[in-house]
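Analysis of the macromolecular model
The lines below spell out each chain.
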Amino acid sequence: MSEKQQVLYDVPGPKAIVRDKIYTVVFSVVILGGLAWFAIDAYQRGLFDDRWQVLWDGAKGFSGLEVWNRLLWDGLVLGTLKAVAIAVPIVAVLALVLTIARQAPSRWVKWPAYGFTHVFRGIPVLLIIYFGVIALNLKPLWAVVLGLVVYNTAVVAEILRAGIAALPRGQKEAGLSVGLSPLATMMRIQLPQAIRIMLPALISQIVVLLKDTSLGFIIGYVELLTVTKTLYNFFGNSYVVPLILAAAVIYITVNMAVSSLATWLEGRLRRARRQVTAGEQDDPLVAGTPAGQGPL
Amino acid sequence: MGALIENSDLLWRAFTTTLWIAVAAGVLAFVWGVTLAAFRASPVAPLRTFATAYVTVVRNTPLTLIFLFMLNAAPQLFGLVVPLGVPMAILSMTLYTATFVCEAIRSGINSVGVGQAEAARSVGLTFVQTLSLVVLPQAFRSVIPPLINVYIAHIKNTSVAAGFATTELVAVANRLANGNPGDVVGIFAGVGLAFLVMTLPLSITAESFESKVAVAR
């Protein structure tokens with residue numbers, strides 16, 4: 001697709017072009033044939049009847065608008081996104097604290113922080129959620145938030161650590177040598193840069209967090225999947241397929257929107273950095289800096 | 001912890017169930033993921049389109065939704081009835097994890113410089129030689145750490161099966177904790193430890209490998 005992937009192949013000659021064209025036709029036929037076969041098979045099982053009307057006309061006295069209101073408002077906004085909105089700020093604060101603790105000079109601070117990241121990256125979120133429900137008697141929402149916070153704090157701290165490690169050493173040395181304390185160097189020099197480089201990875205983590213809210217379904221937290229299941233249990237078995245596909249489309253749309261934010265930011269950051277580098281080279285003082293020393 | 005020791009045979013069976021789901025789905029996901037990566041890198045446009053669409057859709061769907069799809073929608077949509085429990089867990093997790101395997105491998109191959117493949121071709125190596133002697137050995141080192149992270153997540157994701165009638169570790173933790181209210185903390189700590197036995201070696205390997213690679217480059 002991109003030019004980079006074609007690196008594996010030589011520029012195609014006349015023979016290869018013909019061969020690729022034949023493959024293109026053959027595989028198009030195979031894939032379209034497969035899709036058509038699925039469609040015909042589904043049609044013969046009567047899948048293309050009036051059940052799809054639930055998505056616009058509704059069913060059983062529910063209007064289509066009410067169905068979407070349930071899915072988007074009760075499920076997505078008041079369930080899934082609410083848990084995300086509560087968890088993300090808590091994760092941001094705790095992950096910063098944990099990252100700073102991991103870089104602390106004292107081993108009494110450093111090692112517990114190191115242990116926390118390793119242990120909670122290796123334990124299922126669902127186990128933590130169950131712990132919240134059973135041991136701490138939390139309501140479903142708070143159990144889900146607890147699971148998301150504990151796991152994602154560990155992961156985000158790890159991302160930030162990698163970001164700090166990717167900075168040139170001179171950044172920290174310069175901070176210390178102008179008389180900043182190690183903590184001030186971390187807060188004012190290293191972390192802002194690390195967050196900046198790692199912003200795309202941090203935003204991708206939001207997609208992971210968003211998908212993990214669906215674990216709430218298992219403990220009975222009312223989020224998008226729970227609402228979907230309640231709806232098709234109410235409407236009847238034949239409405240399962242349209243409603244599950246609608247839920248999937250909602251998840252995919254939201255996640256792709258978040259991912260595209262990450263891609264957009266990545267491009268913007270890269271452009272911004274290029275401008276900074278270009279500006280630096282005009283400056284006689286830093287013109288001698290070897291290229292490729294910058295982050296990333 | 002007492003409740004765990006009393007129910008050690010149940011715990012052991014749950015542990016092997018979790019491990020079996022993780023290994024079986026892990027191997028299948030690797031095969032399917034490599035196939036998808038090959039599709040995405042292939043010069044044949046329809047294969048690329050198919051793999052890209054598959055990866056985009058499945059990667060952005062929560063695993064719980066894929067389980068729910070297999071349980072309730074697949075029988076009507078495809079006429080496919082997967083037995084609830086371990087088989088459904090293995091199938092759902094294979095389909096899900098493969099997309100992450102595909103992305104890890106793809107970004108690894110992309111990290112190898114253009115000049116490497118060009119140099120290999122210009123000294124007369126064939127396509128297979130270029131791939132196996134020059135590109136893949138270099139891609140390998142940047143693929144391993146993200147791939148290990150994919151598999152750590154994969155092992156933990158087996159816990160979703162607890163919500164779909166599979167007696168694996170998290171389901172057993174839930175059951176024992178409800179039956180032994182006095183020993184809740186010990187039960188969760190024990191089951192957490194059982195997961196760490198599987199995931200910690202992997203995360204430590206990934207970290208040491210990463211620092212080795214960092215020195216080598």
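In this report, the structure presented in the accompanying data block is examined. Computed from a predicted structure; not experimentally measured. (Residues numbered from 1 in each chain as written. Chains lettered and ligands numbered in written order. Predicted model: local features only at pLDDT ≥ 70, side-chain atom pairs only at ≥ 80, totals over all residues. Heavy atoms only, no water.)

Another point: the overall build of chain B. A count of helical and extended segments in chain B gives nine helices and zero strands. When the elements of chain B are put in sequence order from the N terminus, they spell out α-α-α-α-α-α-α-α-α. By its C-alpha atoms, chain B is 70 × 50 × 25 Å across when sized along the principal axes. At a minimum sequence separation of 6, the contacts of chain B that also span at least 24 residues come to 74%. Here chain B displays about 9,100 Å² of accessible surface, and carbon together with sulfur accounts for 70% of that area. Of the charged side chains in chain B, 11 are positive and 8 negative, and the gap between their average positions amounts to 15 Å. (Helix = DSSP H or I, 4+ residues; strand = E, 2+ residues; numbered from the N terminus. Contact = heavy atoms within 4.5 Å. Areas by Shrake-Rupley, 256 points an atom, 1.4 Å probe, with all protein chains shown as cover. Lys, Arg positive; Asp, Glu negative; His and termini not counted. Charge placed at Lys NZ, Arg CZ, Asp CG, Glu CD.)

Residues and elements named next belong to chain A. Put simply, helix 6 (residues 169–177) and helix 7 (residues 182–212) touch, their axes get as near as 9 Å, and they point 145° apart. Seen along the crossing, helix 6 lies across helix 7 with a hand that is right-handed. Every residue of helix 7 that contacts helix 6 at Gln-171, Lys-172, Gly-175 and Leu-176 is listed here: Pro-182, Thr-185, Ile-189, Gln-190 and Gln-193. Its residues placed into classes, the contact of helix 6 with helix 7 shows three nonpolar, five polar and one charged. (Axes fitted to C-alpha atoms, helices over the stretch in contact; angles between N-to-C directions. Left-handed = near helix turned anticlockwise from the far one by under 90°. Nonpolar A, V, L, I, M, F, W, Y, C, P; charged D, E, K, R; others polar.)

Positive phi is not limited to glycine here, since Asn137(A) has a value of about 55°. Its place among the elements puts Asn137(A) in the loop between helix 4 (125–134) and helix 5 (140–166). For Asn137(A), a relative accessible area of 67% translates into the label exposed. Here the phi dihedral of Ala165(B) falls at roughly 55°; this positive angle occurs in a residue that is not glycine. Note that Ala165(B) resides in the loop between helix 7 (127–157) and helix 8 (169–179). The class of Ala165(B) is exposed, set by a relative accessible area of 55%. (Buried < 20%, exposed > 50% of the residue type's maximum accessible area, 1.4 Å probe, protein only.)

Moving on, we get to the nonpolar core. Judged by nonpolar contacts, the single largest core of 130 residues is most densely connected at Phe235(A), Phe67(B) and Leu169(B). Among the elements that make up this core, the one with the highest residue count is helix 5 of chain A (13 residues). In this structure, Phe67(B) is in contact with Met88(B), Ala89(B), Ser92(B), Met93(B), Val160(B), Ala161(B) and Phe164(B), ignoring residues within four places of it in sequence. Counting residues in each nonpolar core, the second largest holds five residues, with Ile203(A), Val207(A), Val258(A) and Ala262(A) among its members. (Core = buried A, V, L, I, M, F, W, Y, C linked by side-chain atoms within 4.5 Å.)

Attention now moves to the packing of aromatic side chains. Aromatic ring pairs: the centre-centre distance and the angle between the two ring planes describe each pair. Scanning all chains against the criterion turns up 15 aromatic pairs over all chains. Ring centres of Phe131(A) and Phe188(B) lie 5.2 Å apart, and the angle between their planes is 85°; on these two criteria the pair is classed as edge-to-face. Linking Phe131(A) in helix 4 with Phe188(B) in helix 9 (residues 184–216), this pair reaches from one chain into another. Ring centres 5.8 Å apart and planes at 20° place the aromatic pair Trp12(B) and Phe15(B) in the stacked group. Of this pair, Trp12(B) and Phe15(B) both sit in helix 2 (residues 8–41), separated by three residues, roughly a single helical turn. Accessibility expressed as a relative area gives 56% for Trp12(B), which makes it exposed. A residue is classified by how much of its surface remains accessible, and Phe15(B), at 16% relative accessible area, is buried. Members of the aromatic cluster, joined through ring pairs, are Trp37(A), Phe38(A), Phe69(B) and Phe78(B). (Phe/Tyr/Trp six-rings, centres within 6.5 Å; stacked < 30°, edge-to-face > 60°.)

We now examine the interface of chain B and chain A. With 64 residues of chain B in contact, the opposing surface of chain A contributes 57 residues. Note on chain B versus chain A: buried area summed over both sides is about 5,200 Å², and carbon and sulfur give 68% of it. Counting the contacts that link chain B with chain A gives zero salt bridges. At the junction of chain B and chain A, the tally comes to 13 residue pairs in polar contact (both at pLDDT 80 or more). For the side of chain B that touches chain A, the elements supplying multiple residues, two or more each, are helix 2, helix 3 (45–59), helix 4 (63–77), helix 5 (86–110), helix 6 (114–122), helix 7, helix 8 and helix 9 of chain B. In terms of residue count, helix 9 of chain B provides more of the side of chain B that touches chain A than any other element does, 12 residues in total. The residue inventory of the side of chain B that touches chain A, partitioned by class, reads 39 nonpolar, 18 polar and seven charged. (Buried area = accessible area lost by both parts, 1.4 Å probe. Salt bridge = Lys/Arg side-chain N within 4 Å of Asp/Glu carboxyl O. Polar contact = N/O pair within 3.5 Å; in protein donor to acceptor, adjacent residues only side chain to side chain.)

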